[in-house]
Amino acid sequence: MSMDRIIREEARLIILKALAEQSDATLNSELLRLNLERYGISRPRAWVHGELDYLVEMAAVTLTEAGTVKVAMLTDKGQRHVERKLVIEGVKRPSLPGG
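Quick notes on the rules
Residues numbered from 1 in each chain as written. Predicted model: local features only at pLDDT ≥ 70, side-chain atom pairs only at ≥ 80, totals over all residues. Heavy atoms only, no water. Helix = DSSP H or I, 4+ residues; strand = E, 2+ residues; numbered from the N terminus. Buried < 20%, exposed > 50% of the residue type's maximum accessible area, 1.4 Å probe, protein only. 1 Å grid on protein atoms, 1.4 Å probe; cavity = no way out; pocket = protein on both sides within 12 Å on 5 of 7 lines; lining within 4 Å. Points joined across faces, edges and corners; volume = space filled by probe spheres on them. Nonpolar A, V, L, I, M, F, W, Y, C, P; charged D, E, K, R; others polar. Salt bridge = Lys/Arg side-chain N within 4 Å of Asp/Glu carboxyl O.

Engineer: Tell me about unusual backbone geometry, residues and numbers included.
Structural biologist: If you check the backbone angles, A59 has positive phi at about 65° while not being a glycine. Here A59 is to be found in the loop between α3 (45-57) and β2 (61-66). Under the relative-accessibility criterion, A59 is labelled partly exposed at 39%. In the Ramachandran plot, R84 falls in the positive-phi region, its phi being about 65° despite a non-glycine side chain. Secondary-structure assignment places R84 in the segment after α4 (76-82).

Structure below.
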């Protein structure tokens, strides 16, 4: 598995988890970019938009355009991935609780 693929799958999981932590399950792409930086994934906003587009294709999030950012909202399917109730291809699987 290539390092690029590992980073993308990890970033997608970080995005889903960040959305799941919000009371309204919503964040914009700039806030998600900053969150990814906390985990050592420093990429431009355009890269984050590409990962969000992938998550839309997988029905894990919905997107709304808001100027130069995209606002992502977690779907039920995305939440179920975070809870380990299903697996979304191309998204790292969350660790077991306490693991």
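Engineer: Quick rundown of the layout of surface pockets? Include the residues and the values.
Structural biologist: A volume near 160 Å³ is recorded for the largest pocket. Where the lining of the largest pocket is concerned, the elements lending two or more residues are α1 (3-20) and α2 (29-38). For the lining of the largest pocket, the per-class residue count stands at four nonpolar, two polar and six charged.

Engineer: I'd love a proper account of the pattern of salt bridges, names of residues and values included.
Structural biologist: As a working rule, side chains carrying opposite charge can pair if their charged atoms are close by. Tallied over the entire structure, the rule returns eleven salt bridges. As a salt-bridge pair, D4 and R8 come within 3.0 Å of each other at their nearest N and O atoms. With a gap of four residues between them, D4 and R8 both fall in helix α1, about one helical turn apart. The exposure class of D4 is partly exposed, given its relative accessible area of 41%. Beyond isolated ion pairs, a larger network of salt bridges with shared partners links D4, R8, R12 and E51.

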